[in-house]
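An overview of the molecular structure
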Amino acid sequence: MEPIIKYQDVKKVYGEKTIVEHFNLSIEKGEFLTIIGSSGSGKTTILKMVNGLIIPDEGTVFVEGKDILKEDLIQLRRNIGYAIQGSVLFPNMTVEKNIAYVPNLLNDKKEKTNQAVQKWIRIAGLEEELLNRYPDELSGGQQQRVGIARALAASPEILLMDEPFGAVDEITRGELQREIKRIHEETNITILFVTHDINEAMTLGSKVLVMNAGAIDQYGTPEEIMSLPKTDFVRKLVANSRK
Amino acid sequence: MDLLKEMIDLIIGRKEFFLNLLWEHFYISFSSIVIASVIGITLGIVISEYRGSSKIILGVINFIYTIPSIALLGILIPFSGIGNVTAMIALSIYALLPMVRNTFTGITNVDERVIEAARGMGSTRFQILYKIKIPIALPVIMSGFRNMVTMTIALAGIASFIGAGGLGTAIYRGITTNNTAMTLTGSLMIAILALVVDGMLGFFEKMSGRRNRKKRKVRIILCGGMIALLIIGIAGNMIRSNQNSEKIVRIATKPVTEQYIIGEILKEIIEQDTDITVELTQGIGGGTSNIMPGMQSGEFDMYPEYTCTGWNLVLGHTGVYDESMYSKLRKEYEESYDFTWKGQMGFSNAYALAVSKEVAEKYGLKTCSDLQKVSGQLVFGAEYDFFERPDGYGKMCEIYGFTFKNVRDVDIGLKYQAVNEGKIDVMDVFTTDGQLSKAQVVILEDDKGYFSSAKEGIVIRREVLQKYPELETVFKKLENTVDNEAMAEMNYQVEEGKKDTKDVAHTFLLEKGLLKGAEE
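Position numbers for residues start from 1 in each chain and track the written sequence from start to end. The naming scheme follows written order: chains are lettered A onward, ligands numbered 1 onward. Note on the predicted model: pLDDT of at least 70 is required for a residue's local features to be given, and 80 or more for side-chain atom pairs to be given and counted; whole-chain, interface and lining totals, by contrast, use all residues. Water and hydrogen atoms play no part in the side-chain values, which are based on all heavy atoms of the structure.

**A short note on the overall build of chain B**
We apply this condition: Segments assigned H or I by DSSP are reported as helices when at least four residues long, segments assigned E as strands when at least two residues long, and all are numbered from the N terminus. In this scheme, a residue with accessible area under 20% of its type's maximum is buried, one over 50% is exposed, and one in between is partly exposed, where area comes from a 1.4 Å probe on protein chains only. In what follows, residue pairs with any heavy atoms lying within 4.5 Å of each other are defined as contacts. Charge assignment: positive for Lys and Arg, negative for Asp and Glu; neither His nor the chain ends contribute. To locate a charge, take atom NZ for lysine, CZ for arginine, CG for aspartate or CD for glutamate.
Helix and strand content of chain B: 24 helices and ten strands. Across its three principal directions, the C-alpha atoms of chain B cover 95 × 55 × 50 Å. Burial status across chain B gives 50% buried among its 520 residues. The long-range share in chain B, meaning contacts at least 24 apart out of those at least 6 apart in sequence, stands at 75%. Positive and negative side-chain charges of chain B, numbering 54 and 60 respectively, have mean locations separated by a distance of 13 Å.

**Things to note about the environment of N188 of chain A**
Residues and elements named next belong to chain A. The residue N188 is located in the loop between α7 (170-187) and β8 (190-195) in this model. Note on N188: relative accessible area 47%, which makes it partly exposed. Not counting chain neighbours up to four residues away, the residues in contact with N188 comprise G30 and I183.

**Topic: a nonpolar patch on the surface**
Residues and elements named next belong to chain B. Put simply, the rule reads: Residues form patches when they are more than 30% accessible in relative terms and have no salt bridge. Like charges link within 9 Å. Nonpolar side chains (Val, Leu, Ile, Met, Phe, Trp, Tyr) link within 5 Å. Each accessible area value is a Shrake-Rupley result obtained with a 1.4 Å probe; residue values ignore everything except the protein chains displayed when judging cover. We define a salt bridge as a side-chain nitrogen of Lys or Arg found within 4 Å of a carboxyl oxygen belonging to Asp or Glu.
A surface patch of nonpolar side chains, amounting to about 370 Å² of accessible area, comprises L188, I192, V196 and M200. If you trace the backbone, L188 turns up in helix α9 (residues 180-207). Among the residues examined, L188 registers a relative accessible area of 47% and is labelled partly exposed.

**Comments concerning the sheet that holds strand β9 (residues 441-444) of chain B**
Residues and elements named next belong to chain B. Let me state the cut-off plainly: When DSSP finds at least two bridges between two strands, those strands are taken to pair. To define axes, lines are fitted to C-alpha atoms, for helices over the stretch in contact only, and angles between the resulting N-to-C directions are given on a 0 to 180 degree scale.
A sheet is described by the order of its strands in space; here five strands give the open sequence β7-β6-β8-β5-β9, paired in mixed fashion. Each edge of the sheet is formed by a strand with only one pairing partner; in this case those strands are β7 (406-409) and β9. In this sheet, adjacent strand axes meet at a mean angle of 35° when their direction is disregarded.

**Some words on the packing of aromatic side chains**
Residues and elements named next belong to chain B. To keep things clear, this is the line we draw: Stacked, edge-to-face and tilted labels apply to pairs of Phe, Tyr and Trp rings (six-membered ring for Trp) whose centres lie within 6.5 Å, assigned for plane angles under 30 degrees, over 60, and everything in between, in that order. Charge over a ring is defined by NZ of Lys or CZ of Arg lying within 6 Å of the ring centre and within 35 degrees of the ring normal.
Summed over the entire model, instances satisfying the criterion amount to 28 aromatic pairs over all chains. Their ring planes at 10° and their centres at 5.3 Å tell us that Y400 and F402 sit as a pair that is stacked. Assessed through its relative accessible area of 3%, Y400 is described here as buried. An aromatic cluster is present here, built from Y351, F380, F386, F387, Y393, Y400, F402, F404, F430, Y450 and F451 joined pairwise through their rings. In this structure, R14 packs its charged tip against the face of F17, placed 4.4 Å from the ring centre. In this structure, R125 is placed above the aromatic ring of Y50, and the distance from its NZ or CZ to the ring centre is 5.1 Å.

**What to know about the domain arrangement of chain B**
Residues and elements named next belong to chain B. Rule in force here: Marked domain ranges trace back to an automatic or database domain assignment. The quantity reported as buried area is the accessible area (1.4 Å probe) lost by two parts once they are put together, taken as the sum for both. Counted as a polar contact is a pair of N or O atoms within 3.5 Å, where, for protein atoms, one must be capable of donating a hydrogen and the other of accepting one, and residues adjacent in sequence contribute only when both atoms are in side chains. Three categories are distinguished: nonpolar for Ala, Val, Leu, Ile, Met, Phe, Trp, Tyr, Cys and Pro, charged for Asp, Glu, Lys and Arg, and polar for the others, with Gly belonging to the last.
Structurally, chain B comprises domain 1 (2-207), domain 2 (246-348 + 454-519) and domain 3 (351-444). Centre-to-centre, using C-alpha coordinates, domain 1 lies 36 Å away from domain 2. At the interface, 14 residues of domain 1 touch 20 residues of domain 2. When domain 1 packs against domain 2, the two sides together hide about 1,400 Å² of surface, and 51% of this comes from carbon and sulfur. Of all residues in domain 1, I82, R173 and T177 give up the largest surface area on contact with domain 2, accounting jointly for 37% of the area buried on that side. A salt bridge links D500 to R14, with the nearest nitrogen and oxygen atoms 3.2 Å apart. Put simply, domain 1 and domain 2 have one residue pair in polar contact (both at pLDDT 80 or more) between them. If you tally residues by element for the side of domain 1 that touches domain 2, the top one is helix α8 (residues 168-176), at three residues. Across the side of domain 1 that touches domain 2, the residue classes tally to four nonpolar, seven polar and three charged.

**Here's the deal with the sheet that holds strand β5 (residues 66-67) of chain A**
Residues and elements named next belong to chain A. In space, the four strands of this open sheet follow the order β2-β1-β4-β5, with antiparallel pairing throughout. Strands with a single pairing partner mark the edges of an open sheet, and in this sheet they are β2 (17-27) and β5. Along the sheet face, helix α1 (residues 43-50) touches β1 (5-14), β2 and β4 (58-63) and points at about 125° away from the line of β1.

**Description of the packing of helix α2 (residues 15-49) of chain B against helix α7 (residues 125-155) of chain B**
Residues and elements named next belong to chain B. Counted only if it meets this: Handedness of a crossing follows from how the near helix is turned relative to the far one, being left-handed for an anticlockwise turn of less than a right angle and right-handed for a clockwise one.
Contact pair α2 / α7: the axes reach a minimum separation of 10 Å and the direction vectors enclose 145°. Crossing hand, α2 versus α7: right-handed. Contacts between α2 and α7 involve H25, S29, S32, I33, A36, S37, I41, I45 and E49 from the first element and R125, L129, K133, I134, I141, F145, M148, V149, T152 and I153 from the second. A class-by-class count of the residues in the contact of α2 with α7 yields eleven nonpolar, five polar and three charged.

**Quick word on the interface of chain B and chain A**
Size of an interface, as often reported, equals the accessible area lost when the parts are brought together. Taken together, the contacts link 20 residues of chain B with 24 residues of chain A. There are one salt bridge connecting chain B and chain A. With a closest N to O distance of 2.9 Å, K48 of chain A and E116 of chain B form a salt bridge. In this structure, the connection of chain B to chain A is made through six residue pairs in polar contact (both at pLDDT 80 or more). Sorting the residues of the side of chain B that touches chain A by element identifies α6 (112-120) and α7 of chain B as the ones contributing at least two each. The element contributing the most residues to the side of chain B that touches chain A is α6 of chain B, with seven residues. Per-class residue counts for the side of chain B that touches chain A are seven nonpolar, five polar and eight charged.

**Side note on the pairing of strand β2 (residues 277-281) of chain B**
Relative to β2 of chain B, strand β1 (residues 248-252) of chain B runs parallel, the two sharing five bridges. Its bridge partner being in β2 of chain B, A252 of chain B is matched across the sheet by T281 of chain B.

**Some thoughts on the pattern of salt bridges**
Scanning all chains against the criterion turns up 38 salt bridges over all chains. Here K247 of chain B and E470 of chain B are joined by a salt bridge, their closest N and O atoms 3.3 Å apart. Taken as a pair, K247 of chain B in the loop between α10 (215-242) and β1 and E470 of chain B in helix α21 (residues 470-478) lie far apart in primary sequence, 223 residues in all. Using a relative accessible area of 25% as the deciding quantity, one classes E470 of chain B as partly exposed. For K342 of chain B, the salt bridge goes to E472 of chain B, with nearest N and O atoms at 3.0 Å. Residue K342 of chain B is found in strand β4 (residues 339-342), and its partner E472 of chain B is found in helix α21; the two are separated by 130 residues along the sequence. In this structure K342 of chain B comes out as buried when scored by relative accessible area, which is 17%. According to the relative accessible area criterion, E472 of chain B is partly exposed, its value standing at 32%. One connected set of salt bridges, linked through shared partners, spans R145, E175, E179, R182 and E186 of chain A.

**Section: helix α11 (residues 257-273) of chain B**
Residue and element names in this part refer to chain B. Counted only if it meets this: How far a helix is expected to stretch is found by multiplying one less than its residue total by 1.5 Å.
With 17 residues, α11 extends 25 Å between its outermost C-alpha atoms, agreeing within 8% with the 24 Å of an ideal straight helix rising 1.5 Å per residue. Taken across its 17 residues, α11 has twelve buried, putting it largely inside the fold. Looking at α11, one finds that the buried residues are T257, E258, Q259, Y260, I261, I262, G263, E264, I265, L266, I269 and I270.

**Topic: the packing of helix α4 (residues 69-80) of chain B against helix α5 (residues 84-108) of chain B**
The relative placement of two packed helices is expressed as an angle between their axes plus a distance between the axes. Residue and element names in this part refer to chain B. The cut-off we apply is this: For this classification, under 35 degrees means roughly parallel, over 145 means roughly antiparallel, 65 to 115 means roughly perpendicular, and everything else is oblique.
Closest axis-to-axis distance for the α4/α5 pair is 9 Å, and the angle between their directions is 130°. Classified by the angle between their axes, α4 and α5 sit oblique to one another. Here α4 runs over α5; the crossing is right-handed. Side by side, α4 and α5 meet where S69, L72, L73, L76, I77 and S80 of the first sit next to V85, T86, A87, I89, A90, I93 and Y94 of the second.

**Structural notes on the environment of D275 of chain B**
Residue and element names in this part refer to chain B. Residue position: D275 is located in the loop between α11 and β2. Residue class for D275 comes out exposed when judged on its relative accessible area of 51%. Placed 92 residues apart in sequence, D275 and T183 show a C-alpha to C-alpha distance of 34 Å. For D275, the residues in contact, after removing those within four places along its chain, are K247 and E470.

Right, here's the structure in full:
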């Protein structure tokens, strides 16, 4: 089967600093890939290359077999869910408008958009009475759920998440992790999930990508990584997770 | 308390006058606000999207903002003439800064992560702008807008300086005709207008705030209201300018009491004797220097002028003017400007020296030469202007050989009082000063002919005179109907008697038997 996302010899340089180089990776459809690594290891860079927020200096990124630079980036992004740290809702819009944002960009059919909103607040575990609230009237956990619902509202094939649960307390975090795992199982969506928490990476990922200094240290199932850490860096990470 | 009563009487008695000014004020400010908002917000958006240009644009706008308003009006007059258009341009220019700056600040302060989220979800640049950036920046833009509205309404008060309408007219007229109640009423009405509009904006802002769930309705009402106002404004102005289809002459006057009166006299008699409608623009700030450009561009057809001002200021001659040079003055006007002089009413508003009656009797003073002999015992007082001008104090002392005991700077409005109280003995006056008619002073004959003659006459574009020859007859009727004393008396009635210039003008025409009803 053709991989849904493929990086081919990708390189990205900021000024003097090389972020990633000779980066090659194929991600299968339906995978829940967690990306973990030290800060500055290039994990966010890799993520943002999928929806073209960051364009590689060399190499090619393929989404569903197509070189994304030869595609219409705006259309591509509308078909890829995107959730970032702290979820970052639009403060000027109600919960409903936030969730309906991408469906509204895609079509003008109110009926269809309404259905999508209804469906996703249910899946994201939100109460309907929140729809008319504004983001600053929600708790941190509720905001994250709205962020997830917003990212998924247009039923994308791919969901990109950049430390989405970075800003919530442990209990809420646990709930949200279970939620996203359930959503993954229900929808068979492909998820790329950046985190700096090894436990989160191990719990959620069907595959885990460990990055260090712009290169892949290890790529495998959580079990493989746990039992056969390839480098010192991975060993250290794994040791942390056992604490 | 007296002043308050005077103001109330004034408002009740001249309701129409003030309502008209209020409407004009509203119209001028509102138009400027609309123009400035459209241009300002657009510019603000452009420079926030293309940040490279922001430094230059903000720099330029900041610079313009620091130009004093009076100067800006002066700069604009050669380009856009005198009147409402120039006022609106100037007000719009000033109003730009708060709009551009707040729009720019509001948009550039939007959280970068929010913008990235929007971008990552597939918004186009334009969608990010109108769905995200502008709505989030709106409170900041709105606060700039409210600032700007209050500022524009207040600043519109100076528009009358260049002959535009509005409540500034009342202020300016009050100042130039010594009518404190009118000045205060005008200022107060501007303040109230600004407060009411700001209050309304605050109310609408609250109503359309995002916490208000009915905001859609409020927005519709707000937009509807704005559009309705705009239509009323445009329609109102069209009705006004429709009057242009008939025969019309435009008369300008300078900001001095007697010119206001002459303006009203001209209007009443021209409209009575001919089928011409007179559009009167009273009290143009800066007088001759701002009216002449308007005459040249055809915005004004005629205005009352003084011969020596024409000779020295307009034609640029130096030296003393006397009335034997009148035909030369006229000829030069016709050659240089294609304007001519008509209808001299007889009075001369020239400089002269006056002494208190007591002093005149004590020393037997009749002429300036008489004064020379006793000047060593007397105190001379004048407004600073007289000391500064080249044909003022210094030259005068040289010609007449005055050596005053003491010299004092006295405010022009307090000169007569100072003489009455004996603080000064000799002062400069204008020969038609309103207070002259009641003050206990004697004017000394200028026996050496030091002061230029300043006979009043009407400067008119010859083209207009050819088009409406019937004006000649009207001017003939007015010739030599007013001497210095009569003019001073009329000025007094306005400045001290608080009479309306229109009423004084009407009474004058009635007494001279120039009104048709009065002939029978």
